[in-house]
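Letter by letter, the chains look like this.
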Amino acid sequence: MRWVFGAAFVCAGVIVAAVASDADPVTVRYTEGVARGFPVLRAQSGEILAHGDFVQVAYPDRVESRLVFRFRDGSLYDEAVTFDQRSAFTLLAYHIIQRGPSFPESLDATIDRASGRYRVKYRSDEDSPEQIATGQFNLPADVYNGLLSTLLKNLEPGASQIVQIVAFTPQPRLVKMLLRPVAEEAITMGGIAVAATRYHIKPQLGVLASLLVTELPDVKTWIARGDAPAFLKFEGPLCLMGPLWRIEWN
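For clarity, every value in this text was computed on a predicted model and none was experimentally measured. (Residues numbered from 1 in each chain as written. Predicted model: local features only at pLDDT ≥ 70, side-chain atom pairs only at ≥ 80, totals over all residues. Heavy atoms only, no water.)

**A closer look at the nonpolar core**
- In terms of nonpolar packing, the biggest core is built from 54 residues, with Leu41, Phe71, Leu148 and Phe168 touching the most fellow members.
- Ranked by residue count, the leading element in this core is strand 10 (residues 161-168), at five residues.
- Formed by five residues, the second largest nonpolar core is a distinct cluster that contains Ile187, Ala196, Trp222 and Ala224. (Core = buried A, V, L, I, M, F, W, Y, C linked by side-chain atoms within 4.5 Å. Buried < 20%, exposed > 50% of the residue type's maximum accessible area, 1.4 Å probe, protein only. Helix = DSSP H or I, 4+ residues; strand = E, 2+ residues; numbered from the N terminus.)

**Considerations on the pairing of strand 15 (residues 245-249)**
- Counting buried residues in strand 15 gives four out of five residues, a clear majority hidden from the surface.
- Two elements, strand 14 (residues 230-236) and strand 15, share four bridges in a ladder whose sense is antiparallel. Bridge assignment links Glu235 to a residue of strand 15, and that residue is Arg246. (Pairing = 2+ DSSP bridges.)

**Topic: the pattern of salt bridges**
- Taken as a whole, this structure holds 11 salt bridges when the rule is applied.
- Notably, a salt bridge pairs Arg62 with Asp61, separated by 3.0 Å at the nearest N-O pair.
- Residue Asp61 is classed as partly exposed on the basis of its relative accessible area, which comes to 36%.
- Here Asp78 makes a salt bridge to Arg66, at a shortest N to O gap of 2.5 Å. Of the two residues, Asp78 sits in strand 5 (residues 76-84) while Arg66 sits in strand 4 (residues 62-71), which places them 12 residues apart along the sequence.
- With relative accessibility at 8%, the residue Asp78 sits in the buried group. (Salt bridge = Lys/Arg side-chain N within 4 Å of Asp/Glu carboxyl O.)

**Observations concerning the confidence of the model for the protein**
- Per-residue confidence for the protein gives a mean pLDDT of 87; residues scoring 70 or more make up 86%.
- Of the regions scoring below 50 in pLDDT, residues 12-21 engages in 28 contacts with residues more than four places distant in sequence or in other chains. (pLDDT = per-residue confidence, 0-100. Contact = heavy atoms within 4.5 Å.)

**What about unusual backbone geometry?**
- Note the cis peptide between Thr169 and Pro170, where omega equals 5°.
- Here Pro170 is to be found in the loop between strand 10 and strand 11 (172-189).
- We note that Ser87 has phi near 80°; this positive angle belongs to a residue other than glycine.
- One can find Ser87 in the loop between strand 5 and strand 6 (90-99).
- A relative accessible area of 60% means that Ser87 is categorised as exposed.

Below is the structure:
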């Protein structure tokens, strides 16, 4: 599965210090196919905050996937990704919606590679007027909103990679993300210990880092290795300065 890092650090409150340069796209080692799953999003205490529904369909020229979390407090996280996986992963289109009391801001953003167009609807809080931003934005080859977990499954063992995501501020800005393996660990899944690599994903914010009150935590993701790499678990915020959440299989 390709989740979860579409909204990780792309909340509209991000202030990006500089635009990153284009880099090489990630080579496809394992193709994505038809998939359906029902993940659970938990607080650090273990309390269930939201139930998810993930649907992915592969076509000859593209893969379309959608992840929806419906929160018990009425909040909504809805992420749709279209990507190409012929030789290298390429983000074709992206749509993210996040709203409700679980999120610091309301955001509805779309961006499309073919047209180069973006549209963002943003509200900082319930008492603020809605802002709308539209325009042109050319996506570099190494932009991977919503695909970071997929990339982790395709990295060579022990390899690190720097890629980019689009942060909606509400205008789109590029942020570099460092993907690096940290440890080999056993994760218990259904009572069975599964050998996994723990990856840390860290935004490379440059000057912005010195302006933050607290240090940003690494996003942690566990990927099962072997002939069929798989997503096992996620820990981290879904947006900048957001709470630490966990995503696990139901």
